[in-house]
Amino acid sequence: MRIALLIPGRFHGFDLGRALLAEGHEVGIFTNYPGWAVARFGFPSDRVTSFALHGAAERVAMRATRHRPSAYPQSTMLPLFGKWAARAVRRQPWDVVHAWSGAALELLREPLRPPVLLMRGSSHIVVQDRLLAEESDRTRMVLERPSDWMVRRELDEYALADRVLVLSSFAAATFVASGVPESRVSVVPLGVDVEAFRAPAAALAARRERIKSGRPLKVLYVGALSYRKGLFDLERVIDTLAGEPFEFVLAGPAAAEASSAIARLHTKATILGKRPQHDLPAVYAAADVFVFPTIEDGFAMVLTQAKASGLPIVTTPNSAGPDLVHEGRDGWIVPIRRPDAIVDRLRWCDANRAALADVADDVAARYRPQDWRDVAPAFVRACEDMRDEMTEHTRG
């Protein structure tokens, strides 16, 4: 199959392209990364069509607006990339174009174009915006949300795309709930390379001994310290459990709106800040339970990292949690905005140390993540389903 990947950046597209090539497909990547940069990720530069000038301008704009993300000129930058990509894709015949949402509208408006499988990395943008608006009201903080311009653009893309691909059952459900027919939504989770996160036998044994000893349980959160990721609830969990046998560790970059919360938490938890990827396996290995109270996520790679390290997980349904966590066997799913439910689960962990140690052992023994060799055929099936449906529609 001849597959074009239209990516305004990198995301997971380079990994997907490499896996599709290994399966024998003809793949081209259209991106604002220079070809030599794409080659560093194992994808041949001679199959890359690059709008490198756009990438350079984007980096300048992002640096200039890093303290005020809403000022980033997306209404200029995205159509500029989209127009370039629509012209570049037309120069070769493709069976399918896999285009990232936000950058696909110009191609989708072409009267004669290949079938387009639209990539949406988060929930439906209207649902995402609603969840963030609710969280802004709840926390009385100004949170970064999709602009009205971006919402209109993505809604047009959803309507024009031949099919939408998302990364989790949660994200798929938000599209169906928003009126997109289930037949037009495919779920293909990310491939994950998490072997580096597998805790060594010595770390697993130390965790088991630590849990059963009765010492404070080490509760870990990894991810952006933001209200979108549930920091408002995490702070309440930490406050409620003060004085009980728990130690909280938070690792990740801080969002602008979180500065006051983080200042308060410094006396109640260990705040590691943003850590390089190669340091994170040791951070996971030193923990006993992983908590991720996210309000909205398309997938949340940290859940796969935590599972690879053998950690029981407490998370919400608003990410890939329901796809990765088996209730009661390797973790628990709690409703969003329910810090009391997280507290109940953590207190259960403290009261049932032997059972918790068994859960941790079971997670470490059973978890086998989906890698990109699994993703490539699943992605191709989604492409074939889309083309079959289009053929049936044409015949009808």
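Everything numeric here is computed off the predicted structure, so don't read it as measured data. (Residues numbered from 1 in each chain as written. Predicted model: local features only at pLDDT ≥ 70, side-chain atom pairs only at ≥ 80, totals over all residues. Heavy atoms only, no water.)

Let's talk about the pattern of salt bridges
Part 1 of the argument: Applying the stated rule across the entire model yields 34 salt bridges.
Part 2 of the argument: Linking Glu-135 and Arg-337 is a salt bridge whose minimum nitrogen-to-oxygen distance equals 2.7 Å. Taken as a pair, Glu-135 in helix H6 (residues 125-139) and Arg-337 in the loop between strand E13 (331-333) and helix H15 (339-351) lie far apart in primary sequence, 202 residues in all.
Part 3 of the argument: Between Arg-210 and Asp-288 there is a salt bridge, and its shortest N-O distance comes to 2.7 Å. In this pair, Arg-210 is assigned in helix H9 (residues 201-213) and Asp-288 in the loop between helix H12 (280-285) and strand E11 (289-292), connecting sequence segments 78 residues apart. Neither residue differs from the other here; Arg-210 and Asp-288 are each classed as buried.
Part 4 of the argument: One network of salt bridges, in which partners are shared, links Arg-130, Glu-134, Glu-135, Arg-138, Asp-233 and Arg-337. (Salt bridge = Lys/Arg side-chain N within 4 Å of Asp/Glu carboxyl O. Helix = DSSP H or I, 4+ residues; strand = E, 2+ residues; numbered from the N terminus. Buried < 20%, exposed > 50% of the residue type's maximum accessible area, 1.4 Å probe, protein only.)

Overview of the sheet that holds strand E10 (residues 270-273)
Part 1 of the argument: Taken in spatial order, the 6 strands line up as E10-E9-E8-E11-E12-E13 in an open sheet, and their pairing is parallel. What marks the edges here is a single partner per strand, and that holds for E10 and E13. Averaged over all pairs of adjacent strands, the angle between their axes in this sheet comes to 20°, without regard to strand direction.
Part 2 of the argument: Examined bridge by bridge, strand E9 (residues 246-251) and E10 share 3 bridges and lie parallel to one another. From the neighbouring strand, Val-249 faces E10, where its bridge partner is Thr-270.
Part 3 of the argument: Packing of helix H13 (residues 301-308) onto the sheet brings it into contact with strand E8 (217-222), E11 and strand E12 (313-315), and relative to E11 it is tilted by some 170°. (Pairing = 2+ DSSP bridges. Axes fitted to C-alpha atoms, helices over the stretch in contact; angles between N-to-C directions. Contact = heavy atoms within 4.5 Å.)

A short note on the environment of Leu-105
Part 1 of the argument: Within the secondary structure, Leu-105 is located in helix H5 (residues 105-108).
Part 2 of the argument: Not counting residues within four places of it along the chain, the set of residues in contact with Leu-105 comprises Arg-153, Asp-156, Glu-157 and Leu-160.

Comments concerning the environment of Thr-31
Part 1 of the argument: Its place among the elements puts Thr-31 in strand E2 (residues 26-31).
Part 2 of the argument: With relative accessibility at 0%, the residue Thr-31 sits in the buried group.
Part 3 of the argument: Between the C-alpha atoms of Thr-31 and Phe-14, which are 17 residues apart in sequence, the distance is 9.8 Å.
Part 4 of the argument: Aside from chain neighbours lying at most four places away, what touches Thr-31 is Ile-7, Gly-9, Phe-14, Val-38, Val-48, Thr-49, Ser-50, Phe-51, Phe-81 and Trp-84.
Part 5 of the argument: At 3.2 Å, the side chain of Thr-31 forms a polar contact with the backbone oxygen of Ile-7. (Polar contact = N/O pair within 3.5 Å; in protein donor to acceptor, adjacent residues only side chain to side chain.)

Focus on helix H1 (residues 13-22)
Part 1 of the argument: Within H1, 7 of the 10 residues are buried, which leaves it mostly tucked inside the rest of the structure.
Part 2 of the argument: Along H1, the residues that are buried comprise Gly-13, Phe-14, Asp-15, Leu-16, Gly-17, Ala-19 and Leu-20.
Part 3 of the argument: In the segment just after H1, Gly-24 is the residue with positive phi, at about 95°.

Concerning the sheet that holds E2
Part 1 of the argument: Judged by pairing direction, the sheet is parallel, and its 7 strands sit side by side in the order E3-E2-E1-E4-E5-E6-E7 without closing on themselves. Looking at which strands have only one partner, the edges of the open sheet turn out to be strand E3 (48-50) and strand E7 (185-187). Direction aside, the axes of adjacent strands within the sheet are offset by 20° on average.
Part 2 of the argument: Judged from the 3 bridges that link them, strand E6 (residues 163-166) and E7 form a sheet pairing that is parallel. Note on E7: the bridge partner recorded for Leu-165 is Ser-186.

Geometric descriptors of this kind do not, in isolation, establish any biological role.
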